Structures are given as structure tokens and as C-alpha cells.
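# Topology and contacts: notes
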Protein chains: 2
Amino acid sequence: KPKDISEADFANYFCTYGYLYHQKDMLEDQDRMTAYYNAVKMNPSQFEDKVVLDVGTGSGILAIWAAQAGAKHVYAVEATFMATHARKLIEANGLKDKITVIQASIEDAELPEKVDVIISEWMGYFLLRESMFDSVIVARDKWMKPGGAMYPSHATMSLSLIKTHQALKKVQDMQESLQVWDGFIETTKENYGVDMSALTSEYEAEQEDFFMNTSQWVDIHPSQELCAPFVLKEFDLNTATLEDIEKISCEFKLKMLGGAMQQQGAGAFAGWFDVKFAGSKENPAENVVPLTTAPNANGATHWGQQAFYVHPEISTSNGNIVRGTLQMVRKKTNKRLMEVKISWEQAKEEGEKDGHAKTTLAQKAKMWHIE
Amino acid sequence: KPKDISEADFANYFCTYGYLYHQKDMLEDQDRMTAYYNAVKMNPSQFEDKVVLDVGTGSGILAIWAAQAGAKHVYAVEATFMATHARKLIEANGLKDKITVIQASIEDAELPEKVDVIISEWMGYFLLRESMFDSVIVARDKWMKPGGAMYPSHATMSLSLIKTHQALKKVQDMQESLQVWDGFIETTKENYGVDMSALTSEYEAEQEDFFMNTSQWVDIHPSQELCAPFVLKEFDLNTATLEDIEKISCEFKLKMLGGAMQQQGAGAFAGWFDVKFAGSKENPAENVVPLTTAPNANGATHWGQQAFYVHPEISTSNGNIVRGTLQMVRKKTNKRLMEVKISWEQAKEEGEKDGHAKTTLAQKAKMWHIE
Ligand SMILES: Nc1ncnc2c1ncn2[C@@H]1O[C@H](CSCC[C@H](N)C(=O)O)[C@@H](O)[C@H]1O
Ligand SMILES: Nc1ncnc2c1ncn2[C@@H]1O[C@H](CSCC[C@H](N)C(=O)O)[C@@H](O)[C@H]1O
């Protein structure tokens, strides 16, 4: 464990990255792999003879591609023991002289020179979970030459509404669990002479938090989407600051699709992200490569999407417009986990010909954790 | 989080005890509950007018029983936020004046007086996982009056051999996983130009560790037992020291049962524990109450048993005696997890009439983690 990483952060966050099993999960994500591969290989002039930094190299894969693309030198920094495996892999692929693996946190790593390009795969669920971009910012501001380029260079966060039976399922699971609790109260009283019912509201709160207020990894089929996704946020990763990502607060407006969809209620908000590899203003990519984690009929990337369940459903009969605010902050006890608050209201957007004012209906707000 | 508990220990260990959901798992374990309940209620003279300390009170259940049994006063110490729930439960059960809940680590807690009895439920898998008895020792040596009594007062660890298909199943799962790896190597080479085969032995080692070298929670049916269990270790908890539990090393001798059993190989060593509530020499319990976690046809306690898989099986055709040494030490990076090493050899114990010397066959040794 690098000294500047806290024990708790190492135990909670870094630890799993030390397993090849977990690195393999990422290396098997074809959308992810293809995007990074193409970003490097379809933009050779961005890598040829350039000095490259791979922030969090893991198995070393991105560093290897950069070296294969003709980089002058690649610095591959990795906090966990995985660095040892990366070193071995790099040697076996004949790139020992081109890549220097440094086992350290990027915050603490010393490079012998500044770099032209930073490549990193730092994205977490709904883009910002894991807060690893913090470390990429540190790397960029400390080690990137003016006019250098970030790979990826841009990111967006999107929000939508989906139909899903899971919201109801969750409610049922919770109710079942609360029934078990009632039985438990009786048993404990009868057999062991202690009345635990004083803790019922605490238990309910805990269960509600678990079942209803924790967002969930989902693989949404496009047919579940009830509206066109709304782009909440766009980041230029060449310039984004810690302030930009630490807390986000954005307004949104979702318009339910017409037709058959109209009959369906929405059981969840859904969030995901896109990034693209476009280089920087001074060093634009020849071929801009996108990577999306949006709902896909062929199945999700390993990031899936995040579902924020709503119960009762958001019914289209209350109006075809859902507008509001999404705020995301970090969990106080663990900066790598998130709290999301969505406040929304529904409105009817009338057809143009009758020209009625919009009617606003019930206002709601809810909090979720991204665990 | 109490200040003297490290962040990592809090994140890895204490955290889950902060959930009622987890406390409930323990409160629903009828064997556990009945044993502690009877230990208190069937030994009223040990609790009446006594000052009691409950180390790690959790929901407060043991403190409540002690107070109901007529304790003069109970100090209930709990490191996590669960202390708040315990306080509420105690109040609702009308015992506010009899029990003082202290939210602190026991190492740091200040009691206004010394105590006659310490009650605590500190046992982990195979008795010592979690290393919580360390804290009970601290409490005992700091707060117990001479001649006081520990509840529980004695513990044993037992070892046996079992027949199980799981060992083979694990081998097959591992082989399957290694086949997936081979496919992954090909894909990565073909699609992304990187040969990952240099990491195959590392991946194999990781998978072997996961599938074969990690002990597992099991609910053994008595019919699986291939020999009479061997008591590895006995602890008098009134006097046991940190040294006694930090590292253990014990010899064992297991004799395979005759008859049909003889035809079966053993797929695993199995370990479990028993405790009993017998009080101390100065204050013996009137009614000694046992709590066993041994294989039970009615199903296991929440501790189950720990299976240490062996492949290939230990075959009875190599002799009906399995003797050896079991050593258990703590994991270097986390004192609450264990490493178990068993070295064994097989021998034939001949019938008395032919009087042959014992023949020793292959010697083996293997390490497992208790995670
Ligand atoms: N501050 C930091 N310093 C160094 N490494 C870090 C870091 N934060 C995260 N990491 C590492 O970054 C990696 C992110 S996962 C991506 C791995 C690899 N680049 C790939 O694309 O397959 C993990 O291995 C993690 O251990
Ligand atoms: N050093 C320590 N100081 C205070 N509490 C501790 C502790 N080590 C463990 N604990 C607490 O001890 C409890 C063990 S579980 C047993 C809970 C309860 N006595 C019951 O029998 O149901 C947990 O709640 C844990 O948080």
C-alpha cells in the first residue's frame, strides 16, 4: 500500500484492483476496450514520439497500446500490487524499454519529465463514482505540458426515465422483509422475554435505505426508455477542476415520448455517461472516438446504467413533462461513493394550437446512494 | 467511529455490526440465543446483585437478560452506532436505570467500577476469526474483580474429516474459470494486439487461492463425518492470554470410522467450536450450559462449520489414521482474518492380532485463508 493512501481507502477502494480477476472484468468489456484501442490506434500522430502518462495502468493495457502506437516513452503509474503484473506483461510484449511502471499513487509519483498525453480509464458508475478523476486532475495539473491532450477528453452525464417492474419488486421485497421482522419481534418476545418493537422504525428506515434508496446497476433495454435522454452535464476534461466534479447540481427537463409509451408509468430515473476521445484544442484527434454506456439492445458495458427507483411510479397521466434538479455530492464518510438527490415536478405541455399555460402538478424529491 | 479504532478496521470489521439487519442475523440464531439465555436465566445467583459488563453489546440483548436476572448494574459497551439502538431498546424494556450503554471501544471505555461478571458474544468462524476475544481479554484484565466469572467461560476447537462433493466441484469451477482465461487470452491477442499469456501463472495462482485455498462456511450433515472429531484446543477463558490465542499450533489424530464409511474419501477437513458457560472456580455456575456449533442434522448455527478442502481426496485406502499438525496465525494485513496450515500424514493402524508396526504414507501440507 502506498503510504499516502489511507488504510480505509485502500481497504474499501484499491484492494479489488489488486486482483487480475477484477482487471479481467474490465479487459473483457469490448465496448470499453474497442474505444480505447481505437482512440490510440486511429490517432497515431497523437502518440508517435510523444511522452505519455497512463494514470492507474492496472494490467498495463493502455500503456502498451500507447507504446505500440509509437510513443517515445510511457509512464505507467499504478497504486496496487497489479503494477508487478503490468511490468511482467510489458516485458513479455517486448516493451520494457518504452514503458516505465511506477508502483505509487499518482499523487505521490515522481516522473522524470512532463508529458504530452495523459491516458486513463478512471470512470465509475454514473461517471463520477470512485472519484478517481480527482487523481487524473492532479496528474494533469502537475505533469502535463501546456497544450497536451487528455484521453478521454470530454464526458457527459445523461438522465432518462424508464419503465421497469423492479421498483414494485423492490417495494414487495421490502414489505416481505418487514413481515419477517414482525415474526422476529414475536419470537424474541415469546422465547426470550425481550420486546424489540421499539426498534421497528429504525429497522424500517434501514430496509428502506437498502431497498429503495440505493441506486442499482441495471442493463436497460432501449425499449424501456420513456423519453429522450437529457444531457445533464458536459465536462471538458482538459480543463475541468475538482470544483466542477466535487458537487454537481443541474436542471433537467424530460419529455415523455408519445404513443403507446404514454400509457406507461416510469419506475425509475436512469443515469449513465459517455466519454469521447477528441484530444485538445492544440492537439485535436484526427479521428474522434466515442464511448457510450447508454442503454443498448446488445447489452450493457460493465458500467451498466444506474437506476434510481421511484415508488409510486411517475405516471404520464400527470403530464408529459418531468422537470427538476439533480444534485450529486460525495458521501461524507467515503468520498468515492455518492449521494444523489432528485427534485422534480410534472407538467402538462399542451399542444400548440390550444396555447394553454403549462400546469404544474405534485412536486417531489428523493435521495439515493450510489454504493 | 471511536477514535482508537483504525479507519481500516472500522471499514472492514465494525461497519457491518452497525446494521440492525446484521444484528438480527445473530438474534435469530436460536442455538446461540437459547444458550446465552439459559446461561443467564438458569444461573440466577451468578447475576443477582452482581455488577456485569457486556463487551460488544450490539442490540443490547445480553445486557437486558443480565438486568432481568437481577444484576445490580450492567455496563453495556458497544463500538458502533448500534449503541444508540441498544439504548432505545433498553429504555423501552424498562431497564434504563439498570443498564448504562457506553458507545466506545472496550479498549477505551471508562467504567466507574469493577465488575463481577463479564458476558460477551465474541466468537467468530472456527472460534477465533475476528480476533474479538483480544478485546474481551483487555476488558477482563482491566475491569474484572478477582474471582469474577466469564460468560462463556470455556471454549474448544474441533477438527474432523468429511466427505463432500464440493472439493471436486471447486476443482471443476476453477478449471472452467481457467478455460475462460484461455479464451480471453486469444480474444485479447486477436482483437487488441496484446499477448496476456505472460500472466497465466499469476492468474492461476489467484484462482487457486480463491477456489481451493479459501475455507468455506458449510452446514455439515452428521452423515458426512468420517471420523470422531478431535479436540484441538481447550481454552479456559477466565485465564487465557493473548499469547494463547494469537498463534495456535496443535497436533491431531483422526481415526476414520469403520464400515461403509471406509470406502469414502475425505474431501475436506472441517473445523468448528464449542463454548460453555460454567463460571469460574470461585463462582461456578449452578447449571453449566453448553453451546456447540458442531455438525447438526437440524442445521447449523449462523457460524456453520469451516471446510478446508483437499484435492485429491484423502483416501481411506491409504490408511485409516490421519495425523498431523494444525497451525493458525493471523493474516499479516488484517489481524481479524486467519491463515490455517495443516500438515498431515496417513498411517495404517493394523488390527491388534497381527501386531504390525504402523506404516506411514505420503506426507502433505496445505494452507488456507479464513476470509
Ligand atoms: N490515485 C491513484 N494512483 C495510482 N493508481 C490509481 C489511483 N487511483 C486508481 N488507480 C488505479 O487505476 C486503475 C483504474 S482501472 C483501469 C485499469 C487499466 N488502465 C485499464 O484500462 O484496464 C486501478 O488499477 C486502480 O488501482
Ligand atoms: N473492541 C470492541 N469494543 C466495543 N465493541 C466491540 C468491540 N469489538 C466488537 N465489538 C462489538 O461487539 C459486537 C459483537 S456481536 C454480539 C452482539 C450482542 N452482544 C449479541 O450477542 O447479540 C458487535 O456489535 C461489535 O460492534
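One structure accompanies this document, and this report is about it. On a predicted model such as this, the values are computed, not experimentally measured, just so you know.

## Describing the packing of aromatic side chains
Applying the stated criterion to the full structure yields 38 aromatic pairs over all chains. Taking 5.1 Å as the distance between ring centres and 65° as the angle between the ring planes, the aromatic pair formed by F47 of chain A and Y151 of chain A counts as edge-to-face. Placement of F47 of chain A in helix α4 (residues 44-47) and of Y151 of chain A in strand β5 (residues 144-151) is noted, with a sequence separation of 104 residues between them. Of the two residues, F47 of chain A and Y151 of chain A, both sit in the buried class. A ring pair is formed by W181 of chain B and Y203 of chain B, whose centres lie 4.1 Å apart and whose planes are at 15°; its orientation type is stacked. Taken as a pair, W181 of chain B in helix α8 (residues 166-192) and Y203 of chain B in helix α9 (residues 200-211) lie far apart in primary sequence, 22 residues in all. In terms of burial, W181 of chain B and Y203 of chain B fall into one category: buried. In this structure an aromatic cluster arises from ring pairing among F126, F252, F269, F308, W344 and W368 of chain A. The ring of Y13 of chain A has R336 of chain A sitting right over it, with the charged end atom 3.8 Å from the ring centre.

## Examining the sheet that holds strand β4 (residues 115-120) of chain B
All names here are of chain B. Spatially, β3-β2-β1-β4-β5 is the arrangement adopted by the 5 strands of the open sheet, whose pairing is parallel. Lying at the two open borders of the sheet, with one neighbouring strand each, are β3 (99-103) and β5 (144-151). Across this sheet, the average inter-strand angle for adjacent strands is 20°, counted without regard to direction. Pairing of strand β1 (residues 51-55) with β4, which is carried by 4 bridges, proceeds in the parallel orientation. By the bridge assignment, V55 is partnered in β4 with S120. Strands β1, β4 and β5 of the sheet are contacted by helix α7 (residues 133-143), whose axis makes an angle of about 150° with β5.

What counts and what doesn't
- Throughout, a residue's number is its position along its own chain's written sequence, starting from 1.
- Each chain gets a letter, beginning with A, and each ligand a number, beginning with 1, in the order they are written.
- Confidence filtering applies because this is a predicted model: local features only for residues at pLDDT of at least 70, side-chain atom pairs given and counted only at 80 or more, and all residues used for totals across whole chains, interfaces and linings.
- Derived side-chain values reflect all non-hydrogen atoms in the structure, with water molecules and hydrogen atoms excluded from consideration.
- Working definition: rings of Phe, Tyr and Trp (its six-membered ring) pair if their centres are within 6.5 Å, and the pair is stacked with planes under 30 degrees apart, edge-to-face with planes over 60 apart, and tilted otherwise.
- Only DSSP runs of H or I with at least four residues qualify as helices, and only runs of E with at least two residues qualify as strands; both kinds are numbered from the N terminus onward.
- Type-normalised accessible area, obtained with a 1.4 Å probe on protein chains alone, sets the label of each residue: buried when under 20%, exposed when over 50%, and partly exposed for intermediate values.
- Put simply, a charge is over a ring when the Lys NZ or the Arg CZ is close to the ring centre, within 6 Å, and near the line of the ring normal, within 35 degrees.
- Any two strands between which DSSP finds at least two bridges are classified as paired.
- Helix axes are fitted only over the stretch in contact, all axes being lines through C-alpha atoms; the angle between N-to-C directions runs from 0 to 180 degrees.
- Whether two residues are in contact is decided by their heavy atoms: any pair within 4.5 Å suffices.

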